[in-house]
Structure formats: C-alpha cells, structure tokens
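Structural overview
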Amino acid sequence: MHENWRPDLSDESVVLLLKPRCSAYYNILQYCRHIGVDVVNDGKKYWVARVRRKDGGYLRKRLCIAADGDYIANDFAHAVKLAEEWFQWPSIAALAAEAYQVGSRRDINICPIGSVFTVGHALRDYVDWKLIAATRSHFETIVSLINYHLVPRVSHIPLNQFDGVHFHKLAVDVLQTPPKLGRKDPTIKLEIRELSQDQLRRRKKTFNALVSILRGAFDLAWERGHLEDDRPRRCLQRLPNVDRPRVIFLNRQECRTLLANSRPDFSKLIRGALYTGCRASELVAMRVRDYCQNTSSLFVASPKGRRTRHVILPSEAQHFFAALLLRCQRPVCSARM
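One structure accompanies this document, and this report is about it. (Residues numbered from 1 in each chain as written. Predicted model: local features only at pLDDT ≥ 70, side-chain atom pairs only at ≥ 80, totals over all residues. Heavy atoms only, no water.)

**Points about the packing of aromatic side chains**
Scanning the model with the defined rule gives seven aromatic pairs in all. Here the aromatic rings of Tyr 291 and Phe 321 are separated by 6.1 Å at their centres, their planes lie at 25 degrees, and the arrangement is stacked. Of the two residues, Tyr 291 is situated in strand 6 (residues 291–292) and Phe 321 in helix 12 (residues 315–327); the sequence distance between them amounts to 30 residues. The pair Tyr 291 / Phe 321 is uniform in exposure class, with both members buried. By the ring-pair criterion, three or more aromatic residues cluster together here, those being Tyr 275, Tyr 291, Phe 320 and Phe 321. Note that Arg 21 overlies the ring of Tyr 25, its terminal NZ or CZ placed 3.8 Å from the centroid. Lying across the ring of Tyr 58, Arg 50 places its NZ or CZ 4.2 Å from the centre. (Phe/Tyr/Trp six-rings, centres within 6.5 Å; stacked < 30°, edge-to-face > 60°. Helix = DSSP H or I, 4+ residues; strand = E, 2+ residues; numbered from the N terminus. Buried < 20%, exposed > 50% of the residue type's maximum accessible area, 1.4 Å probe, protein only. Lys NZ or Arg CZ within 6 Å of the ring centre and 35° of its normal.)

**Observations concerning the nonpolar core**
Core analysis: the biggest nonpolar cluster contains 34 residues, and Val 119, Ile 146, Leu 150, Phe 162, Ile 213 and Phe 218 have the highest contact counts within it. Looking at this core, the elements with two or more residues in it are helix 4 (119–133), helix 5 (136–154), helix 6 (164–176) and helix 7 (197–223). Among the nonpolar cores identified, the runner-up in size contains 22 residues, and Leu 9, Leu 59, Leu 63 and Ala 79 belong to it. (Core = buried A, V, L, I, M, F, W, Y, C linked by side-chain atoms within 4.5 Å.)

**Thoughts on the sheet that holds strand 3 (residues 45–52)**
What the five strands build is an open sheet, ordered 1-2-3-4-5; its pairing is antiparallel. Each edge of the open sheet is held by one strand with a lone partner, namely strand 1 (25–30) and strand 5 (71–72). Pairing of strand 4 (residues 58–68) with strand 5, which is carried by two bridges, proceeds in the antiparallel orientation. Opposite Ala 67, over in strand 5, you have Ile 72 as the bridge partner. Across the sheet, helix 2 (residues 76–87) lies against strand 1, strand 2 (33–39), strand 3 and strand 4, angled at about 35 degrees from strand 3, the strand it touches most. (Pairing = 2+ DSSP bridges. Contact = heavy atoms within 4.5 Å. Axes fitted to C-alpha atoms, helices over the stretch in contact; angles between N-to-C directions.)

Here you go:
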C-alpha cells in the first residue's frame, strides 16, 4: 500500500506505471537471483538483473530497455531469458551464491516403500491429508518439522514396534538439537542441563508440536487399519511446564529509537506492527481494500488458520494508513501495503 510495494513485473501495465526512484523494482526468480526494472528520471525504464554474491553483496547488470513512455520495448519473458544467460556467465557463476527455490518445501524427504508399514508411511499419509485440511502456512510448518526432526530419527521404525523407548530417545534428541536457521543444518548440540530456561522452553514447545504431528499420523493410521493396537499412540506424551515467554513492552521513546535505526521501507512495516499488533506476515499480505476509512479499521486475514478479525485504529494510525493509501500508485486490490 506504499511506494515500496513489490509490483508484478510480468504485467506490462504495471511496468508502465512505475515511478522513478533511487533503487530498482525487483521480483524474485530464485532466492539470490532477481529480475528488476530501473526507472530513471527521464522516465525511461530498463530491465536489470541482480545476483547475490557469496560474500553477501550483489552484482547487478542492466539488460535492455523495458519501456520508453507508453511503449513496451522488451517484455518480461525476454528480460528473464537475458538474465538467465547472464547468471550463467563463468565470471558471474564463480562469484554468485547458490540459488534455491522460492517458497517452502511442500513434500517430505522420504518415499517410503516396502510391505512393512513404518512411521514414515504414517507421516506420508498424514502430510497428504494435511495438504487438503490445513492452511498453507500451517502445512508448510508441518512439513518443515517432519523433515528436520522426524524423518532422520523415527521414519524407519515399523509403526507397530514404536514404543516408549523410541519416544524417549526422540525427546532427548530434539531437546538437544538447536533450531534450524536459514538453509544450514546446525551441527553443535547442547546437553539438556546446559540449556538456559528460555532455550529449554522453546525446544519443549517444538517437541510438543512434533507430538501433535505424530498423534495425528498415528490416529490416521489407526483409522485406516495399519495399527494392531494403540500402544504407539499411548506413549506419545506432551512435555509439561512449557511456560509462555515473557512479553516485553516498548515505551514511546524505545519505539522512536527502533524506527530511527530502521531502513525507511522497513520502518513502515514496524510502524504498522506497532499501531496494530499484527504479525509481519499479516501486514505483508494486506491489500488496499483491507483498510476501511469509514470505520477506521483494518481487516486482518490471519495466515495461521485463526479467525479473521478487524483492528480498530487510533487517530495516529488512521493518518498513517491513509497516507499510505494516497501514495499507492495502483488503485486496484492487488497492490500491497
């Protein structure tokens, strides 16, 4: 809903509406590989490509002219072809960071086979069901947890042989394993006694999420006749004493300091969060139509499967969102906040 919304550069009408600014407008082709449009002060628009270097910086190349006035000189498909060719130059490939797909993985890292029904078979059936029943974000979280924690530890175990010993070993392994950050798998484990209270709380919370996944998978296997008795289901126990984290409240001066030390585009997201209490993902997903000037409220469609809600805005927040609405260059519902 502000001037830094990420436009759909494959839409020629959108490209023609882009205004000059100091940085290009980018779309992600793959992580670490971007296609963009650079708008100069005379109104001409150029296709540019950007690749992330191994050291964290970027390499950038102007590819060709995109538009001059109301005329599209080269379309998105042609620009992408030129960008892909540039990415493959030996001099660029030698410096570029590894590219990887956009979005979260949506399948588990095993393809269980054989006549013996294992925990992996049960997890595969559970994931197939959740693809239908769960929200997209919740489904992707389930797949990520299964791939990181359950596949390497318990997927090979015959389901009817899963017992309390397997469950206890799983609990210890998960509590000692640090969370996964980015694409790298952490290798250093800490003994449970070495964990801080907050580290232990968070890892217990992760483990309880895994227990819920296993319960769902085992219940589905029971309903489908793959379990001979309910012993594997009965040994799945959630860990107690998972306290809620301490909530820290910022005063106005701390809010001003936070905003003053943030990039201009990111500071708008922070202000939106401070005014509304919304998650970053909820703010990013908002559309122009979600702000209602008549009722001074904001419609929030929660991506986590919870009920949608309306947030009533104070007067300061009303002015902020109204200003964003005025700056929006696209008076259609696909323009993001």
